[in-house]
Amino acid sequence: MKAENINREFLDGVLRGEYPDVYYHFGVDSSDPVLEKFRDLKAVVLAGSGERIKEFARTWSGIRGGSPVIALPKEERFVTRYCDRVLFASHGMGMPSASICVQELMRMAYYLKGGDLEELDRIFWARVGTSGGLGVEPGTVILTTESLQADGRPYRLLAGEREHYFDGTFPGKTAAAIAEANRSGDIEIVTGKTVAANEFFIEQMRRDGAICLSGEAEKFAWLDWIYKKGVRNIEMEGAMLSGFLNHWGFSEFAMICCTIVDRTRGDQVTSTPEQLGGYNRNAGKVLFNYLEKFV
Ligand code: R2B
Ligand code: URA
């Protein structure tokens with residue numbers, strides 16, 4: 001862990017009991033007794049939608065012999081479930097939403113582990129989601145090696161007038177371990193870079209938005225440019241996720257995204273609900289095959 005990059009000035013005051021930490025978007029604070037049940041936390045699994053979180057928690061409970069599922073009460077922003085050492089949380093769509101989720105979960109994790117950096121570093125983080133693929137069949141699962149913004153540069157944020165850049169790489173050994181845990185399966189898995197766009201239409205160079213700022217040639221030039229950089233899918237949270245987790249110094253995290261459309265063939269997501277369900281299940285299976293070994 002990178003102790004110097006964790007805001008211990010604030011977080012250690014919580015541990016000393018000087019004030020509680022309010023995880024506002026989750027509707028609890030650090031003094032809430034429900035958190036005592038989360039002390040064994042070993043993995044944080046993130047997904048965009050609350051329904052997927054509920055389904056993941058049910059699946060994990062089934063795998064773990066009906067282990068109880070605990071919910072945090074507030075579901076207005078993020079849906080949360082805890083079951084057998086895994087905290088499942090939805091993050092909404094896009095980096096502004098997901099960054100709130102990740103920061104509050106990190107504060108919670110720090111509190112749960114009493115600020116013990118070795119314990120914290122044993123936590124595995126994963127985002128499981130959907131994405132637009134580049135030259136791969138829908139349903140393919142992409143394991144991300146590095147996530148970049150749409151201009152090919154890493155995630156950055158403004159801190160006042162200063163632009164802060166984050167490291168978007170994902171740990172190769174975790175991606176390799178996930179691939180290994182799925183070696184005997186029938187799901188197509190590809191490793192590659194991921195573009196995390198700030199928007200679904202304009203920044204992903206779609207031509208079917210209500211605003212279209214790029215021509216067909218420009219769109220394909222961009223798809224070709226990112227493909228040549230090693231990008232195999234496009235989504236909306238990965239660069240922030242790896243950026244923050246690298247900043248704090250975590251060693252084990254991953255992004256596992258199914259593709260639901262091949263952007264080299266079209267912009268609209270025309271798959272049926274059944275097909276989409278199947279694609280999502282692929283990403284879930286890849287996660288659980290690894291979680292069963294890890295947790
Ligand atoms: C994938 O899918 C969502 C947009 O449909 C977004 O949250 C993402 O990253
Ligand atoms: N999510 C995205 O952000 N883009 C896609 O094309 C599909 C899912």
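Residues numbered from 1 in each chain as written. Chains lettered and ligands numbered in written order. Predicted model: local features only at pLDDT ≥ 70, side-chain atom pairs only at ≥ 80, totals over all residues. Heavy atoms only, no water.

K.L.:
How would you explain the layout of surface pockets if you had to name every residue and give the values?
P.N.:
Computed from the structure, the largest pocket encloses a volume of approximately 330 Å³. Broken down by element, the lining of the largest pocket gets its largest block of residues, 5 residues, from strand β7 (residues 124–133). Per-class residue counts for the lining of the largest pocket are 6 nonpolar, 9 polar and 5 charged. Computed from the structure, the second largest pocket encloses a volume of approximately 190 Å³. In this structure, the second largest pocket is lined by Gln103, Leu157, Leu158, Ala159, Arg162, His164, Phe166, Phe244, His247 and Trp248. Breaking the lining of the second largest pocket down by element, the ones donating at least two residues are β9 (156–159), β10 (162–165) and α7 (238–248). (1 Å grid on protein atoms, 1.4 Å probe; cavity = no way out; pocket = protein on both sides within 12 Å on 5 of 7 lines; lining within 4 Å. Points joined across faces, edges and corners; volume = space filled by probe spheres on them. Helix = DSSP H or I, 4+ residues; strand = E, 2+ residues; numbered from the N terminus. Nonpolar A, V, L, I, M, F, W, Y, C, P; charged D, E, K, R; others polar.)

K.L.:
Tell me about the pairing of β9, and please be specific about residues and values.
P.N.:
Here β9 pairs with β10 via 4 bridges, running antiparallel. In the strand pairing of β10, Leu158 is matched with Glu163. The antiparallel pairing of β9 with β10 creates a hairpin that spans 2 residues between the two strands, and Gly160 there sits at a positive phi of about 65 degrees. (Pairing = 2+ DSSP bridges.)

K.L.:
Explain the state of the cysteines residue by residue, including any values.
P.N.:
The full count for this structure, using the stated rule, is 0 disulfides. For the unlinked cysteine Cys101, the closest cysteine sulfur is that of Cys257, found at 15 Å. The cysteine Cys258 is free of any disulfide, with Cys257 supplying the nearest cysteine sulfur at 7.0 Å. According to the relative accessible area criterion, Cys258 is buried, its value standing at 0%. (Disulfide = S-S within 2.5 Å. Buried < 20%, exposed > 50% of the residue type's maximum accessible area, 1.4 Å probe, protein only.)

K.L.:
Would you mind going over the packing of aromatic side chains in detail, with residue names and values included?
P.N.:
A full pass over the atoms with the stated rule returns 18 aromatic pairs. With a centroid separation of 5.2 Å and an interplanar angle of 35 degrees, the aromatic rings of Phe26 and Phe78 are classed as tilted. Here Phe26 is found in the loop between β1 (22–23) and β2 (28–29), whereas its partner Phe78 is found in the loop between β4 (70–71) and β5 (80–83), with 52 residues between them in sequence. Ring geometry for Trp125 against Phe250: centres 5.3 Å apart, planes inclined by 65 degrees, an arrangement best described as edge-to-face. Separated by 125 residues along the polypeptide, Trp125 in strand β7 and Phe250 in the loop between α7 and β13 (253–262) bring together distant segments of the chain. On the basis of relative accessibility, which here comes to 5%, the residue Phe250 falls in the buried class. The structure contains a cluster of three or more aromatic residues connected by ring pairs, namely Trp125, Tyr155, Phe166, Phe244, Trp248 and Phe250. The lysine or arginine in question, Lys42, covers the ring of Phe294, its NZ or CZ lying 4.2 Å from the ring centre. One Lys or Arg, Arg206, reaches over the ring of Phe200 and ends 3.9 Å from the middle of that ring. (Phe/Tyr/Trp six-rings, centres within 6.5 Å; stacked < 30°, edge-to-face > 60°. Lys NZ or Arg CZ within 6 Å of the ring centre and 35° of its normal.)

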